[in-house]
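Summary of the model geometry
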Amino acid sequence: MVIIAYKLVKAGLWFVLAATILVMMQMGLGDRLLGLAQHLRLHAHPWSLKLADLAVKASSRRSLWKIVFALVADGSLTLLEGWSLLHGRWWGPWLVVVATSSLLPFEVLALVRHPHVVRAIVFLVNLAIVAYLARKAAREAREAREARERSVRGLEQSERASSVPPREAWPPA
């Protein structure tokens, strides 16, 4: 239930953030980001210079639209994941596994291009999470299949039992 709540809250937050950025774009967000970048450059620390570069890159209208699109796309997928889990769809856990594992190739690429211990640890943790989710989804699918089979066998046995006349009626007269 925690995962479902997380998915639904995250989706809602992404939609709110996307809407906020759209509103702020109408209010001149790009110019404000450029002003923030200029301020950060004046107070030059390594982290503030990196943040200033990010602000400059994000300040164009095209970049802001990319961010909005990414937020809406991720929010929609996350909402679908949460909905499918909440309603017990058989494919819900597999959707979560696929969505979670879809970024692993990008993490490998980043690790190959810029090797770093922290990046390797993040990749291994994400890989372990995907493995856990896949095992859990497979186990739940197997348990659901076994429950259906038991249910079908139980129905078949009850139908056979109800089709046999009571013992008192034997032998027929």
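Structure first, text after, so check above.
Heads up: these notes are all about the structure in this document. Keep in mind the model is a prediction, meaning the values are calculated, not measured.

**Quick word on the overall build of the protein**
- Along the backbone of the protein there are seven helices and zero strands.
- Going residue by residue from the N terminus, the α and β elements of the protein occur as α-α-α-α-α-α-α.
- Every one of the 173 residues in the protein was classed for burial, and the buried ones make up 21%.
- Look at the contacts in the protein between residues 6 or more apart in sequence, and 60% of them connect residues 24 or more apart.
- Carbon and sulfur atoms form 69% of the exposed surface of the protein, whose accessible area is close to 12,800 Å².

**Some points on the environment of T100**
- Position of T100 relative to the elements: it lies in helix α5 (residues 92-101).
- For the pair T100 and N126, spaced 26 residues apart in sequence, the C-alpha to C-alpha distance is 8.2 Å.
- When sequence neighbours within four positions are dropped, the list of residues in contact with T100 reads I129, V130 and L133.

**So, the nonpolar core**
- In terms of nonpolar packing, the biggest core is built from nine residues, these being A18, I21, M25, L29, L33, A58, L64, V68 and L71.
- Put simply, the parts of the chain that give this core at least two residues each are α1 (2-26), α2 (29-42) and α4 (61-86).
- If we ignore the near neighbours within four places in the chain, the residues touching L64 are I21, M25, L29, G30, L33, A58 and S59.

**Observations regarding the pattern of salt bridges**
- Taken as a whole and assessed by the stated rule, the structure comprises four salt bridges.
- The partner of K7 in a salt bridge is E81, with the nearest N and O atoms 2.7 Å apart. Remark: E81 occurs in helix α4 and K7 occurs in helix α1; sequence separation between them is 74 residues.
- Take K7: its relative accessible area is 10%, and that puts it in the buried class.
- Among the salt bridges present, the one from D74 reaches K10, with a minimum N-O distance of 3.3 Å. Here K10 lies in helix α1 and D74 lies in helix α4, a separation of 64 residues in the sequence.

**A few points about α1**
- The terminal C-alpha atoms of α1, which comprises 25 residues, lie 36 Å apart, in line with the 36 Å expected from a rise of 1.5 Å per residue.
- G28, located one to two residues past α1, shows a positive phi value of around 90 degrees.

**Thoughts on the packing of aromatic side chains**
- As enumerated under the stated definition, the model contains one aromatic pair in all.
- Their ring planes at 35 degrees and their centres at 6.4 Å tell us that W83 and W91 sit as a pair that is tilted.
- Look at W83 and you get partly exposed, because its relative accessible area is 34%.
- Overall, the relative accessible area of 28% leaves W91 in the partly exposed class.

About the thresholds
Residues numbered from 1 in each chain as written. Predicted model: local features only at pLDDT ≥ 70, side-chain atom pairs only at ≥ 80, totals over all residues. Heavy atoms only, no water. Helix = DSSP H or I, 4+ residues; strand = E, 2+ residues; numbered from the N terminus. Buried < 20%, exposed > 50% of the residue type's maximum accessible area, 1.4 Å probe, protein only. Contact = heavy atoms within 4.5 Å. Areas by Shrake-Rupley, 256 points an atom, 1.4 Å probe, with all protein chains shown as cover. Core = buried A, V, L, I, M, F, W, Y, C linked by side-chain atoms within 4.5 Å. Salt bridge = Lys/Arg side-chain N within 4 Å of Asp/Glu carboxyl O. Expected span 1.5 Å × (residues − 1). Phe/Tyr/Trp six-rings, centres within 6.5 Å; stacked < 30°, edge-to-face > 60°.

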